[in-house]
Every structure is written in C-alpha cells, then in structure tokens.
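Examining the three-dimensional arrangement
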Amino acid sequence: VFDPSREREKLRLVTTLIPNGSKNSADATIMSGGVLMPLDIGRIVLMNWESGMQLGSPFQPPTKPGEKVTWTQPVVSPADPGQLLIGDSRSKLYRLRVGEQIRELSSVTVPHKFTGGASAAGGSWLAAATGAAGDILVTYSTTTLEETGKRTMGSPIVFGPVTAGEFVLLQTADGRLHRVNESADIVWSMDI
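Structure report, in brief. (Residues numbered from 1 in each chain as written. Predicted model: local features only at pLDDT ≥ 70, side-chain atom pairs only at ≥ 80, totals over all residues. Heavy atoms only, no water.)

So, about the sheet that holds strand β11 (residues 147-152). The strand order β8-β9-β10-β11 describes an open sheet built from four strands, whose pairing is antiparallel. Looking at the sheet topology across the chains shown, the edges are occupied by β8 (113-121) and β11. The mean inter-strand angle of the sheet, taken between neighbouring strand axes irrespective of direction, is 20°. With six bridges joining them, β8 and strand β9 (residues 124-130) adopt antiparallel strand pairing. Directly across from Phe114, in β9, lies its bridge partner Ala129. (Pairing = 2+ DSSP bridges. Helix = DSSP H or I, 4+ residues; strand = E, 2+ residues; numbered from the N terminus. Axes fitted to C-alpha atoms, helices over the stretch in contact; angles between N-to-C directions.)

See the structure below:
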C-alpha cells in the first residue's frame, strides 16, 4: 500500500487473510472502500486494504469440489460504482452489488469462454473470448447482460481490452494495437 500523506512508512506491505490454498485468479480492483479479489476457488472477497481482513460476506457461486476458477478482470460499472461486472471460466457473466455483502444482481450463461481481459466503455462490458477462428471481442450490456456485439480479431488477444477514456485498447499477437468502441467496432489500428 502506498500512502503519500503519511510521514513515515509511505510504502507498506499488508498481508491479506484469504482462505488457505487459494490465490488471485485475476487482478485485484479497488472499490467500495476495499480491495476486491477474485480467487481461484470461485470466491470473490472484499478485503480491508489497511488490515488485510475481509470486509463483509464474499460472493460464492456453486463450485465443484477442487474446481479452479479463472475470472476475467473485474470491471466497475460505469453507471454505478457500487456494481461489478465479471465473467468466469465456466462461461458465466455476473453483475454484482459490492458492499457489506457481495451479492448477485443478475447473471447469464454465455456461449464463449472468456480469456481474462475485460473492460467497460459507455454502456457496454467488453471481454476477450476464444473463438473458432481466433480470439473474439464480445460486448454485453452493463445493465441487462445481453450480448450486444462480437468481432473476430483474427489473431489471439495478448493484451486487454483495457479502458482508455471513452474507448478501449487491445493488442493482438500479430503486433497490432486496436482502439475499439463500445460496439466492438475498430476505430483505428496501428503496428507496434
């Protein structure tokens, strides 16, 4: 934790008390007064960034014993900073309310297997997924979770999608950086 207002210990290490044997399966996200951590045991927890203790009740969808779950990057809803959009390796997309309790507002089963990257632009949640002819970029409504678009990228997505202002950036394995809008339309591409 880096706190520039402190005279001493501007940088300090905080140990989080998560269940034994579990680890993050996606990057942590700051929201609702804590650090939200998607764990590989299928649980999503909100941790106190000062003490490392859990805040409130976690979110735990049904999981088979010993099953490891990979989550997409957690994305805070652009319309409501208390809502989270996240997908998992079991082809589920969730809209969650994060507070004293992390609870499901809605969920859908999708025909895609998410590969990890996700972001939001406008009223859309965008995520990388595997497709028959290479990776695809899929978009879903942030409120209804209905699929609103899809674009085959022709090459594996190696970075992103990440939000950059009103648009989203992603890089494909063919060495191209793409800027896309909330409908998954490519605004521009360039070699990098």
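After that view of the structure, there is still more to cover.
A few words on the sheet that holds strand β7 (residues 103-109). Spatially, β4-β5-β6-β7 is the arrangement adopted by the four strands of the open sheet, whose pairing is antiparallel. Among the strands making up the open sheet, the edge pair consists of β4 (75-76) and β7. In this sheet, strand β6 (residues 92-97) lies alongside strand β5 (residues 83-87) in antiparallel orientation, the contact comprising five bridges. Residue Gly87 lies in a different strand from β6, and its bridge partner there is Leu93.

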